[in-house]
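Spelled out from the first residue to the last, the chains are:
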Amino acid sequence: MRTNLTFSISFFVRKKKNSPEQALLYVRITVNGRSKEISLKHDLPFEKWNQSAGKMQGNGAKSRLVNRKVETVRTRLHNIYEDLIKEERIITSDTLKERYLGQDVTHNTMGSLLDYHNDKMKKVLKYGTLKNYTTTSSYLRDYVKKVHKSNDIYLKRIDYGFTLGFEDYLRERPGLHNNGVMKHMERFKKLMRLAFHLEWIEKNPTLRFKLRFDRVDMVYLDHQELERVRNGQFERTALTVTRDIFVFCCYTGLAYADVRSLKREHVRTGIDGTRWIYIRRMKTDTQVRIPLLEEADTILERYRTHPKVINQEILLPVCSNQKTNQYLRDIADALNIRKKLSFHAARHTFATTVTLANGVPIETVSKLLGHHKISTTQIYARVVDTKISNDIDALRTKLRA
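Right, let's walk through the structure included here. Please read all numbers here as calculations on a predicted model, not as lab measurements.

Cut-offs used in this document
- Residues numbered from 1 in each chain as written.
- Predicted model: local features only at pLDDT ≥ 70, side-chain atom pairs only at ≥ 80, totals over all residues.
- Heavy atoms only, no water.
- Helix = DSSP H or I, 4+ residues; strand = E, 2+ residues; numbered from the N terminus.
- Rg over C-alpha atoms; globule rule 2.2 N^0.38 Å.
- Buried < 20%, exposed > 50% of the residue type's maximum accessible area, 1.4 Å probe, protein only.
- Contact = heavy atoms within 4.5 Å.
- Areas by Shrake-Rupley, 256 points an atom, 1.4 Å probe, with all protein chains shown as cover.
- Patch = residues over 30% accessible without salt bridge, like charges linked within 9 Å, V, L, I, M, F, W, Y side chains within 5 Å.
- Salt bridge = Lys/Arg side-chain N within 4 Å of Asp/Glu carboxyl O.
- Core = buried A, V, L, I, M, F, W, Y, C linked by side-chain atoms within 4.5 Å.
- Axes fitted to C-alpha atoms, helices over the stretch in contact; angles between N-to-C directions.
- Parallel < 35°, antiparallel > 145°, perpendicular 65-115°, else oblique.
- Nonpolar A, V, L, I, M, F, W, Y, C, P; charged D, E, K, R; others polar.
- Polar contact = N/O pair within 3.5 Å; in protein donor to acceptor, adjacent residues only side chain to side chain.
- Pairing = 2+ DSSP bridges.
- Phe/Tyr/Trp six-rings, centres within 6.5 Å; stacked < 30°, edge-to-face > 60°.
- Lys NZ or Arg CZ within 6 Å of the ring centre and 35° of its normal.

Some words on the overall build of the protein chain
- Secondary structure assignment for the protein chain yields 15 helices and eight strands.
- Its C-alpha atoms give the protein chain a radius of gyration of 33 Å, more than 25% over the compact-globule value 21 Å for 401 residues.
- A principal-axis box enclosing the C-alpha atoms of the protein chain has dimensions of 105 × 55 × 40 Å.
- Each of the 401 residues in the protein chain was classed as buried or not, and the buried ones make up 41%.
- For the protein chain, contacts bridging at least 24 residues in sequence account for 57% of all contacts bridging at least 6.
- Element-wise, carbon and sulfur atoms account for 49% of the exposed surface of the protein chain, whose accessible area totals about 23800 Å².

A word on a nonpolar patch on the surface
- A cluster of nonpolar side chains, Ile-392, Leu-395 and Leu-399, forms an exposed patch at the surface whose accessible area comes to about 290 Å².
- The residue Ile-392 is located in helix 15 (residues 385–400) in this model.

Brief notes about the nonpolar core
- In this structure, Phe-246, Phe-248, Leu-254, Val-259, Ile-277, Leu-316 and Phe-343 are the most contacted members of the largest nonpolar core, which totals 47 residues.
- With eight residues, helix 8 (residues 237–250) is the largest single contributor of residues to this core.

Brief notes about the packing of helix 8 against helix 11 (residues 321–334)
- The geometry of helix 8 relative to helix 11 is characterised by a closest axis approach of 9 Å and an angle of 100° between their N-to-C directions. The angle between helix 8 and helix 11 places the two elements in the roughly perpendicular class. Contacts between helix 8 and helix 11 involve Ala-238, Leu-239, Thr-242, Arg-243 and Phe-246 from the first element and Thr-324, Tyr-327, Leu-328, Asp-330 and Ile-331 from the second.
- Residues of the contact of helix 8 with helix 11, tallied by class, amount to six nonpolar, two polar and two charged.

What to know about the environment of Thr-109
- On the secondary structure map, Thr-109 appears in the loop between helix 2 (93–101) and helix 3 (110–121).
- Relative accessible area serves as the criterion here: at 16%, Thr-109 is assigned to the buried category.
- Counting along the chain gives 44 residues from Thr-109 to Ile-153, while the straight-line C-alpha distance between them is 5.4 Å.
- Residues in contact with Thr-109, not counting those within four places in the same chain, are Asp-152, Ile-153, Tyr-154 and Leu-155.
- Of note is the side chain of Thr-109, whose polar atom sits 2.8 Å from the side chain of Asp-152.

A closer look at the sheet that holds strand 3 (residues 34–45)
- Taken together, three strands build an open sheet; the order of strands is 1-2-3 and the sheet is antiparallel. Of all the strands in the sheet, just strand 1 (7–15) and strand 3 have a single pairing partner and so form its edges. Neighbouring strand axes in the sheet, compared pairwise and without regard to direction, differ in orientation by 20° on average.
- In terms of strand pairing, strand 2 (residues 22–31) meets strand 3 through nine bridges, oriented antiparallel. Following the sheet pairing, Ala-23 is matched in strand 3 by Leu-44.
- Contacting strand 1, strand 2 and strand 3, helix 1 (residues 61–86) crosses the sheet at an angle of about 145° to strand 1.

Some remarks on the packing of aromatic side chains
- Under the definition given, this model contains 13 aromatic pairs.
- An angle of 65° between the planes, with centres 5.4 Å apart, marks the rings of Tyr-116 and Trp-200 as edge-to-face. Residue Tyr-116 is located in helix 3, and its partner Trp-200 is located in the loop between helix 6 (178–197) and helix 7 (223–231); the two are separated by 84 residues in the primary sequence.
- Taken together, Tyr-139, Tyr-143, Phe-162, Phe-166, Tyr-169 and Phe-188 form an aromatic cluster joined through their ring pairs.
- The cationic tip of Lys-15 hangs over the ring face of Phe-46; the distance from NZ or CZ to the ring centre is 4.6 Å.

Observations concerning the sheet that holds strand 6 (residues 267–269)
- What the three strands build is an open sheet, ordered 6-7-8; its pairing is antiparallel. Looking at which strands have only one partner, the edges of the open sheet turn out to be strand 6 and strand 8 (287–291). Here the strands of the sheet are splayed against their neighbours by 35° on average, with no regard to which way each runs.
- Looking at chain direction, strand 7 (residues 275–280) and strand 8 are connected through five bridges and run antiparallel. Counterpart to Tyr-278 in the pairing with strand 8 is Arg-289.

Everything listed is a geometric property; what it means functionally is a separate question.
Encoded structure:
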């Protein structure tokens with residue numbers, strides 16, 4: 001490649017339009033007769049510039065500063081030229097200028113990675129997942145700004161120390177506990193893996209970082225608590241409506257996003273002649289088929305003529321997730337249930353108290369929940385103590401026979 005190229009660097013000045021006695025310093029890069037210019041953001045007296053020598057005359061502080069800049073730029077451009085040869089890149093005055101300014105693809109930044117991911121994934125990821133990535137992105141930008149004192153950072157400068165520093169930054173954020181920190185680190189690892197696959201970085205600096213999640217006991221209602229919720233009486237209509245929708249999901253296993261999008265078209269006659277729910281999960285786009293238990297079907301009938309449902313496609317008057325969870329906390333307080341109740345507890349209750357505790361095989365529960373793997377169901381669906389007790393009693397009977 002060297003023998004086919006002519007490469008030269010020259011420095012020159014241009015007079016300022018408003019102050020012709022002053023000049024601005026430029027460098028000209030020429031490859032095979034084609035040139036590109038870069039302003040070096042230095043000014044100097046026009047008469048002090050020696051064009052033939054390519055430097056400023058004199059030994060004063062200003063002359064030394066400008067001449068040192070000239071030599072630094074010359075050395076850097078020669079190094080860039082050698083690097084491009086080693087990388088077997090096509091070398092032009094444009095590629096040299098782009099590399100010098102940090103605009104070529106080998107010098108992508110964290111900001112460009114975040115923008116690329118958000119642009120490519122906005123039609124792929126679900127709203128909630130994309131929202132979580134947006135939060136992680138804002139933390140990364142803030143970390144770079146506060147800790148690295150810059151608005152952006154080259155991906156090639158991100159190392160294992162940066163990774164550990166980002167974890168420390170997250171742990172200092174108010175309201176973020178270990179598992180929240182780990183979820184942001186998990187998304188950061190995925191972003192850097194994307195950069196590696198795009199060949200924007202030579203190695204993944206997060207590869208050795210191990211995610212350390214704390215085990216969290218899923219909140220669900222046992223049989224007695226579920227009955228208290230079902231039979232609870234409330235003065236506020238909003239609590240009664242929220243309770244009914246929550247109980248509906250305790251008997252169907254639907255998540256909040258799925259029950260909110262539940263429409264008339266999703267309820268059909270199943271293989272056994274009874275009413276089933278046929279719906280795709282919002283989170284995973286997985287098709288699930290759920291036979292309607294009597295408790296759930298009764299609630300659907302109860303709200304068939306509700307003002308927010310009648311003449312609409314939706315089946316239940318579901319309010320916002322934030323309001324729903326607030327109402328559930330009020331319900332738990334009113335019924336003296338000492339558990340941190342949220343809407344997702346309905347899904348866990350379905351998996352444990354309603355299905356597994358009543359002998360429904362875990363393979364069936366997995367299908368009803370829309371899980372791809374049994375291992376996922378084993379995390380969500382607790383085997384409650386009564387089920388263990390019943391199984392052991394059956395074992396004792398067999399052993400005595």
